[in-house]
Amino acid sequence: RTNTNIAGRKNKIWASPVSVLSVSMESEEEPNCDLEMSDLSGLKVLKGEVDLSNNSTQDLMHDEDTPDGGWFSKPPKDEDATEPDWTQLTWRDKLPRILPFSLLIPEEERRRVQANNGEYNKRYPYSGNVVITSKYNPLTFLPRNLFEQFLRVANLYFLVLTVIQLIPGVSSVPFYSTLVPLVIVLSITAVKDAYDDIKRHFSDFRINNRFIEILTDNGLIESKWKHIKVGNILRLERNDFIPSDMLLLSSSEPHSLCYIETAELDGETNLKVRQPVTETHELQDNETLLSKFDGYVECEPPNNRLHKFVGTMTWKKNTYSLDNDKILLRGCRMRNTDWAYGLVIYAGHDTKLVQNSGKTVFKRTHIDELMNRLVIFILGFLATLIFLCFIGSLVFEAVYGDDFQVYIPYATEGIVADTPVKIAFLQILSNLIVLNTFVPISLYVSVEVIRLGQSLFINWDVKMYYAPNDVPAVARTTTLNEELGQIEYIFSDKTGTLTQNIMKFSKCSINGVKYGDLPEDENDKGKEVGLSQSVNQDDDDVEQKNEGVMLEPVDLKWNSYAEPDFRYYDETLVKNCRDEEKDCYEFFRLIALCHTVIPSFPEDGGPLEYNAQSPDEAALVSAARNFGYVFLDRTPCSIVMKMADRNEDVEYTLLHILDFNNVRKRMSVIVQDQNGKILLMCKGADSKIFERLHPDSESLMKVTLEHLAVCVSPHVLNSTIDDLTRIMHTKAC
């Protein structure tokens, strides 16, 4: 163990990481002691004076059960004692409370939050929940905007030129001939920048003044986002935006599950699940219990890692680990959950969303950089001309200057230029003013007008209007639109970033049998009917016509959960599914159970909806649903599948999930059926599945690969078949 020596004149305070700290007095007088700390790596050193007004010795005990694990004085045993006024207490009364944190003053290495304890949380300089994304305010707009504008070489050049024109006897033109155009250019740009920033101010005002329910001692009160503090407990309603980074406590769903949409964080519209610590589930929406909740959270300091959170929560003398699955991040939106309660951990600029956004900075586009280079080139050419004029003036004045003294004396308007060198140097300034038209001051104005026009064209572009959601294109700024025309390459991790990524079930291969084609006979040999003929069919009564053969989709009216727009033409697969043929049953049971899809029933009583993390997973589960294997519900401990043909619910106990990742390239679930049999179900990329098959499955593998080669032919739009040919998992596992 190590001790930290805080030495004074005649007084010593010894602190150690064990359970006793003592203050010993070696003098009877009341001294003032200079405190000095050393050898504390990573901590700021505090030097100051402590008034030792009490001459007695007092032991300070370390209580491991206190939330902050700090030093404290043994409190009086009077249970009716009230909280003292800390501003009126002596150093000895304050020392136990300030020693671990205020005296050492470390950088924030850990965040400490106690629920429903504003006094405790005020001890730390945590950020409020006001978020400001604007660049300017009324005081900083003029100096900051002018500074940014004078970063443009042309503006700086004309400013210098205006100053030179103020010198008497140098300029042959009045100074306002340059000043007025410069002021016009600066004003136009400033108005545009002010307009853009005013929109940011309005956006900030709208967001900071959204309403939220905050739990207090008097119950729930409606307040604004900007009034949220760290340690508050908030109540969220369905479709609410999450105002700060919060620890989920309870929700309306079973086991207090909470479904969120993270589109503003990572662009994913698929829902994700969050689940609180099991022990806080009992709080439910009981305001009395929630207002008495005094859990203490100790976690990592604010950072920008969206997918990582490390911390612990201490409650009722028990400590629980916290991870990212228990945190609701600012910017997410709560879906499919009627209500939820959360404890604010990070607020305002400490939230992960704002930490990722960074400060609003002045951005210079490629066009701005190009214009700066052009202006610098013009200035170089101008400097060359002025230098040549300087040499010419010097030679002329040295040879012929005296002959013109009668007409142009050396002393003009108080300026004495009696030598050729002085005259030539004065000519430099005059030539600089005369040749100022080389630099086009209107260039920047022209570019700004073009930018504004292009942004309006983007807003008016009918081809960029998305009619289903009534969403037009919106150019939120005029400064970066020219960047769009300079894009040469786009690097994307998935096609869904650039396309709608719509996937439909077309064909499948189950244990060596391919489904999705017409039976091959003399009349319709080779006439494949799959996604290529059905994906663009919107009419419910449409019929396929192929060389005189009228094809009607299979009737799925027996399945009340089937999607109305689903079309399939292979009656064999539908018949096998209804008869629960062994291979088809295992195939679609795997698809209905091995996934992370979240089901939801709309409030208006509409059909069952699936929210998946990827469109291919949603397409697979929807296919199983259409064929009678309906994924109905899930909890952290179970998955419910309905057999639509016999209208029976089958519940499986969920033992474990092995998520898909880029290394494993497969996903597995371990479930237990109603007979107590434990099943390991796996689906994934063909390369990963095939290498885990039994050697006896080699012939089956070849047949399946042949089927895959047909399924991924160019006329087929769907590319999800890799996940469909996995009935061999039961043999492999």
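Our subject in this report is the structure included herewith. Owing to the predicted nature of the structure, the values given are computational and were not obtained by experimental measurement.

Some words on the sheet that holds strand 11 (residues 233–237)
Alright, step 1. Pairing is antiparallel in the open sheet, where six strands are placed in the order 10-9-11-20-12-18. Since the sheet does not close on itself, it has two edges, and those belong to strand 10 (219–224) and strand 18 (327–328), each with one partner.

Observations regarding the pattern of salt bridges
Alright, step 1. Per the stated rule, a full pass over the model turns up 26 salt bridges.
Alright, step 2. Taking the shortest distance from any N to any O, the salt bridge between Lys135 and Glu148 comes out at 3.6 Å. Here Lys135, found in the loop between helix 2 (118–121) and helix 3 (141–149), pairs with Glu148, found in helix 3; they are 13 residues apart in sequence, far enough to count as distant. Comparing Lys135 with Glu148, the two get one shared label, buried.
Alright, step 3. As a salt-bridge pair, Arg238 and Asp338 come within 2.8 Å of each other at their nearest N and O atoms.

Structural notes on the packing of aromatic side chains
Alright, step 1. Per the stated rule, a full pass over the model turns up 20 aromatic pairs.
Alright, step 2. When the ring of Tyr124 is compared with that of Tyr126, the centres are 5.4 Å apart and the planes differ by 20 degrees; the resulting orientation is stacked. Like Tyr126, Tyr124 is buried.
Alright, step 3. A cation over a ring is seen here: Arg625 above Tyr610, with NZ or CZ 5.4 Å from the ring centre.

Examining the packing of helix 14 (residues 582–593) against helix 15 (residues 615–626)
Alright, step 1. Interaxial distance between helix 14 and helix 15 falls to 8 Å at its minimum, and their mutual angle equals 130 degrees. Between helix 14 and helix 15, the interaxial angle falls into the category oblique. Of the two elements, helix 14 crosses helix 15, and the hand of that crossing is left-handed. On helix 15, the residues touching Phe588, Ile591 and Ala592 of helix 14 are Leu620, Val621, Ala623 and Ala624.
Alright, step 2. The residue makeup of the contact of helix 14 with helix 15, split by class, is seven nonpolar, no polar and no charged.

Digging into the nonpolar core
Alright, step 1. Membership of the largest hydrophobic core comes to 49 residues, with the highest contact counts inside it found for Phe505, Ile510, Leu573, Phe588, Phe627 and Tyr629.
Alright, step 2. For this core, the element with the most residues is helix 14, which contributes eight residues.
Alright, step 3. Within the second largest apolar cluster, 48 residues are counted, among which are Val113, Ile260, Val344 and Tyr346.

A short note on the sheet that holds strand 8 (residues 111–114)
Alright, step 1. One open sheet accounts for four strands, arranged 8-15-16-17; its pairing is antiparallel. In the strand order of this sheet, the two ends are held by strand 8 and strand 17 (318–322), each with one partner. This sheet shows a mean twist of 20 degrees between the axes of neighbouring strands, independent of strand direction.
Alright, step 2. Alignment of strand 15 (residues 296–299) against strand 16 (residues 311–315), held across four bridges, turns out to be antiparallel. For Glu298, the partnering residue across the bridge sits in strand 16 and is Thr312.

Regarding the side chain of Glu261
Alright, step 1. Topologically, Glu261 is positioned in strand 13 (residues 258–261).
Alright, step 2. Taking the relative accessible area as the measure of exposure, Glu261 reaches 18% and is therefore buried.
Alright, step 3. Not counting the four nearest positions on each side in its chain, Glu261 is found in contact with Glu268, Thr269, Leu271, Cys332, Arg333 and Arg335.

Digging into a nonpolar patch on the surface
Alright, step 1. A grouping of Leu166, Phe175, Tyr176, Leu179, Val180, Val183, Ile184 and Ile188 is seen on the molecular surface, where their side chains present a nonpolar patch of about 690 Å² in accessible area.
Alright, step 2. Among the secondary structure elements, Leu179 is positioned in helix 5 (residues 176–208).
Alright, step 3. Relative accessible area serves as the criterion here: at 30%, Leu179 is assigned to the partly exposed category.

Remarks on the pairing of strand 31 (residues 648–658)
In the case of a regular strand, side chains alternate between the two sheet surfaces.
Alright, step 1. Across six bridges, the pairing between strand 30 (residues 638–643) and strand 31 is antiparallel. Looking across to strand 31, one finds that Val640 is bridged to Glu651.
Alright, step 2. Two successive antiparallel strands, strand 30 and strand 31, enclose a turn made up of four residues, where Asn647 displays a positive phi of approximately 50 degrees.
Alright, step 3. As paired strands, strand 31 and strand 32 (residues 666–672) are joined by five bridges and run antiparallel to one another. Within strand 32, the position partnered with Ile657 by the bridge is Val669.

Looking at unusual backbone geometry
Glycine aside, residues mostly have negative phi, and peptide bonds are mostly found in the trans state.
Alright, step 1. Positioned with a positive phi, Asn116 is a non-glycine residue whose angle comes to about 55 degrees.
Alright, step 2. Position of Asn116 among the secondary structure elements: in the loop between strand 8 and helix 2.
Alright, step 3. Exposure remark for Asn116: the relative accessible area of 31% places this residue in the partly exposed category.
Alright, step 4. Despite not being glycine, Ser256 has its phi angle at roughly 60 degrees, a positive value.

What counts as what
Each chain has its residues counted from 1, following the order in which its sequence is written. Residue-level local features of this predicted model are given only where pLDDT is at least 70; pairs of side-chain atoms are given and counted only at 80 or more, and the full residue set underlies all totals for whole chains, interfaces and linings. The basis for the side-chain values is all heavy atoms of the structure; hydrogens and waters are excluded. Strand pairing requires that DSSP identify at least two bridges connecting the strands. Helix numbering and strand numbering both begin at the N terminus, where a helix is a DSSP run of H or I of at least 4 residues and a strand a DSSP run of E of at least 2. Put simply, a salt bridge is a Lys or Arg side-chain nitrogen that is within 4 Å of an Asp or Glu carboxyl oxygen. Think of it in three bands: with a 1.4 Å probe and only protein chains considered, a residue is buried below 20% of the maximum accessible area for its type, exposed above 50%, and partly exposed in between. Between the rings of Phe, Tyr and Trp (Trp by its six-membered ring), a pair exists once the centres lie within 6.5 Å; its type follows the angle of the planes, with under 30 degrees stacked, over 60 edge-to-face, and the other angles tilted. Two conditions define a charge located above a ring, namely a distance within 6 Å from the ring centre to NZ of Lys or CZ of Arg, and an angle within 35 degrees of the ring normal. To obtain each axis, a line is fitted to C-alpha atoms, and for helices this fit is confined to the stretch in contact; angles are then taken between N-to-C directions over 0 to 180 degrees. Just so you know how the angles are binned, under 35 degrees is roughly parallel, over 145 roughly antiparallel, 65 to 115 roughly perpendicular, and the rest oblique. Helix crossings are classified by the rotation of the near helix relative to the far one: an anticlockwise turn of less than a right angle makes the crossing left-handed, while a clockwise turn makes it right-handed. The contact rule is simple, with two residues in contact once any of their heavy atoms fall within 4.5 Å. Each residue receives one of three labels: charged for Asp, Glu, Lys and Arg, nonpolar for Ala, Val, Leu, Ile, Met, Phe, Trp, Tyr, Cys and Pro, and polar for the others, Gly being one of them. For our purposes a nonpolar core is just a set of buried Ala, Val, Leu, Ile, Met, Phe, Trp, Tyr and Cys residues, chained together by side-chain atoms within 4.5 Å. Only residues whose relative accessible area exceeds 30% and that form no salt bridge enter a patch; like-charged residues are grouped when within 9 Å of one another, and nonpolar side chains (Val, Leu, Ile, Met, Phe, Trp, Tyr) when within 5 Å. In these tables, accessible area is a Shrake-Rupley quantity obtained with a 1.4 Å probe, and a residue counts as shielded only by the protein chains included in the view.

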